Amino acid sequence: MKKLTNEAMLITYADSLGKNLKELNQVLSNELDGVVGGVHVLPFFPSTGDRGFAPEEYETVDPKFGDWSDIDKLAEKYYLMFDFMLNHISPQSKYFQDFLEKKEASEYYDMFLKYSEFWPENRPTEADIDLIYKRKDKAPFAPVTFADGTTDQVWNTFGDQQMDLDVTKEVTKKFIKDSLVNLAHHGASVIRLDAFAYAIKKLDTNDFFVEPEIWNILDEVREILAAEGSEVLPEIHEHYKIVRKITEHDMYSYDFALPLITLYSLYSGKTNRLADWLRQSPMKQFTTLDTHDGIGVVDAKDLLTQEETDFTTEEMYKVGANVKKIFSSAAYNNLDIYQINTTYYSALGNDDAAYLLARAAQIFAPGIPQIYYVGLLAGENDIELLESSKEGRNINRHYYDLAEIAETTKRPVVSNLFNLLRFRNTSSAFDLDGTIDVINDGENELTITRTSADGKTTAVLDANFETKQFTVTENGVEIFATK
């Protein structure tokens, strides 16, 4: 297993850059050589829904993607990130099926949250249900029928293929530890805890990021992974002050506010909000502009005013290429009204200059840049896949075959981005224990200076967000400049 390094990380599905893990390995060795130092392989386990986020278990690789030898080969060259769904598991898993068959006699009975056991008599009331932080327009429970014909309801926050786990029970803790250790042994330098904030359910709370209990489970996970030499990355889309609590607990966090703030800056030409955000951002984080989900809106709350947020979202629909409000609605199975479904390149109107400036800002921002595979190839919205599936998020989940990858990497916007990333990966100016200085003299200008810990290397991004022109220098030598 390679240790986490301060190099850009690719985010991809196992079958999106080529049709399987072997072809992904091929693409990384050829077209992407030197472009990324890490790979976040989105869920590659047997799953019954949500593009892998409804796993049946973590012991095997889904055969349609390959096997553990393919993952192990990746781990020889790249630091890897895997997902662990702390909150839920598939109802088709052996655990849930045994629970349905044997009920109280099942060794996995305690893994699941039963409606009849969670609520006191004469509850839940309407007020109880209203209090719950929900991801859908109904109470987060699913009816189940046991083999003996009796019925109950079990907690399921997200959908019918994702049954919530009771993370406080010993049988669940054993499942968590066994799964995490196995993933670490197959090269997971970082474990991304998907939907962890929903994992604690407690009476008379909103059942989201419940403190202090949530820190107990996070500390347990961190302790397990630390023993294996791996890091934990809790994933949460929420107000930045909640994310800062993760930083205060000395864990890696995500910068999900950067995407919308950067769009605002490029749409308006004003750099004040971006400069303010970069000055307060921690180094111990992963930055994003795009992920397998939509562009988050709630993440930038109070970092942009409501007027600025409204301006940005409306501009996205106006400026963006094939970005329509209906794609982020129930008509296209959108789960989260606080996300907008589009590729980042299309959100910027397929404008090469604006797109490269957005990536340059991300590269210079505090933290380690994660680049989603569609974004890495400056991909446009995939309307055909969107319409054929009626799944809003599929607009940003194009499937690239090897021939298309070879062709699209020849585009100037892509080759320029690759050059910027290769520079980012090799310059000591971006040391995580180095320094950053952000200056925004004038409404449209932004200068970001990164200096290595030993003070010997300095990289500077000098940009104008109105004209979209920028230069990158290292120790005074020009590395890149827009023409």
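Structure shown above.
Residues numbered from 1 in each chain as written. Predicted model: local features only at pLDDT ≥ 70, side-chain atom pairs only at ≥ 80, totals over all residues. Heavy atoms only, no water.

Draft legend 1. Structural view of the overall build of the chain. Scanning the chain for helices and strands turns up 17 helices and 19 strands. The C-alpha radius of gyration of the chain comes to 22 Å, within 12% of the 23 Å expected for a compact globule of 483 residues. Seen along its three principal axes, the alpha-carbon backbone of the chain occupies a region of about 75 × 50 × 45 Å. Taken over 483 residues, the chain has a buried fraction of 61%. Look at the contacts in the chain between residues 6 or more apart in sequence, and 69% of them connect residues 24 or more apart. Taken as a whole, the chain presents about 18,500 Å² of accessible surface, with 48% of it coming from carbon and sulfur. Within the chain, one finds 48 positive and 80 negative side-chain charges whose respective centroids are separated by 1 Å. (Helix = DSSP H or I, 4+ residues; strand = E, 2+ residues; numbered from the N terminus. Rg over C-alpha atoms; globule rule 2.2 N^0.38 Å. Buried < 20%, exposed > 50% of the residue type's maximum accessible area, 1.4 Å probe, protein only. Contact = heavy atoms within 4.5 Å. Areas by Shrake-Rupley, 256 points an atom, 1.4 Å probe, with all protein chains shown as cover. Lys, Arg positive; Asp, Glu negative; His and termini not counted. Charge placed at Lys NZ, Arg CZ, Asp CG, Glu CD.)

Draft legend 2. Focus on the nonpolar core. Formed by 144 residues in total, the largest nonpolar core has its most connected members in Leu 10, Phe 44, Phe 84, Leu 86, Phe 196 and Phe 470. For this core, the element with the highest residue contribution is helix α13 (residues 352-364), accounting for nine residues. With residues near it in sequence (within four places) discarded, Phe 196 still touches Leu 86, Phe 209, Ile 214, Leu 218, Pro 234, Glu 235, Ile 236 and Ile 246. Judged by nonpolar contacts, the second largest core, of 10 residues, contains Met 9, Tyr 254, Phe 256 and Phe 286. (Core = buried A, V, L, I, M, F, W, Y, C linked by side-chain atoms within 4.5 Å.)

Draft legend 3. Quick look at the packing of helix α9 (residues 258-268) against helix α10 (residues 272-280). For the pair α9 and α10, the least separation of the axes is 8 Å and the interaxial angle reads 150°. It follows that α9 is roughly antiparallel to α10 by the angle criterion. Between α9 and α10, the residues in contact are Leu 258, Ile 261, Thr 262, Tyr 264 and Ser 265 and Arg 273, Leu 274, Trp 277 and Leu 278, respectively. Looking at the contact of α9 with α10 residue by residue, the classes come out as six nonpolar, two polar and one charged. (Axes fitted to C-alpha atoms, helices over the stretch in contact; angles between N-to-C directions. Parallel < 35°, antiparallel > 145°, perpendicular 65-115°, else oblique. Nonpolar A, V, L, I, M, F, W, Y, C, P; charged D, E, K, R; others polar.)

Draft legend 4. Region of interest: the packing of α9 against helix α11 (residues 306-319). Taken N-terminus to C-terminus, the directions of α9 and α11 make an angle of 70°; their axes are 9 Å apart at the nearest point. Judged by the angle between their axes, α9 and α11 are roughly perpendicular. Residues Leu 260, Leu 263, Tyr 264, Tyr 267 and Ser 268 of α9 pack against Glu 308, Thr 309, Phe 311, Thr 312, Glu 315, Met 316 and Val 319 of α11. A per-class count over the contact of α9 with α11 returns seven nonpolar, three polar and two charged.

Draft legend 5. Quick look at the pattern of salt bridges. Applying the stated rule across the entire model yields 30 salt bridges. Residue Lys 22 pairs with Asp 70 through a salt bridge whose shortest N-O separation is 3.0 Å. In this pair, Lys 22 sits in helix α1 (residues 21-29) while Asp 70 sits in helix α2 (residues 68-77), placing the two residues 48 residues apart along the sequence. A relative accessible area of 52% means that Lys 22 is categorised as exposed. Using a relative accessible area of 5% as the deciding quantity, one classes Asp 70 as buried. Across the pair Asp 276 and Arg 279 runs a salt bridge, and its minimum N-O distance is 3.1 Å. Of this pair, Asp 276 and Arg 279 both sit in helix α10, separated by three residues, roughly a single helical turn. (Salt bridge = Lys/Arg side-chain N within 4 Å of Asp/Glu carboxyl O.)

Draft legend 6. Region of interest: the sheet that holds strand β2 (residues 38-41). Read across the sheet, eight strands follow the order β9-β8-β3-β2-β1-β14-β11-β10 without closing on themselves; strand pairing throughout is parallel. Looking at the sheet topology across the chains shown, the edges are occupied by β9 (231-234) and β10 (253-255). In this sheet, adjacent strand axes meet at a mean angle of 30° when their direction is disregarded. Pairing geometry for strand β11 (residues 285-287) and strand β14 (residues 368-372), over two bridges, is parallel. Looking across to β14, one finds that Phe 286 is bridged to Ile 368. (Pairing = 2+ DSSP bridges.)

Draft legend 7. Representation of α13 in the model. Along its 13 residues, α13 runs 18 Å from first to last C-alpha, staying within 8% of the 18 Å computed at 1.5 Å per residue. For α13, the full list of buried residues reads Ala 354, Tyr 355, Leu 356, Leu 357, Ala 358, Arg 359, Ala 360, Ala 361, Gln 362, Ile 363 and Phe 364. The distance from a side-chain oxygen at the start of α13 to the backbone nitrogen of Ala 353 is 3.0 Å, and the residue carrying that oxygen is Asp 351. (Expected span 1.5 Å × (residues − 1). Polar contact = N/O pair within 3.5 Å; in protein donor to acceptor, adjacent residues only side chain to side chain.)

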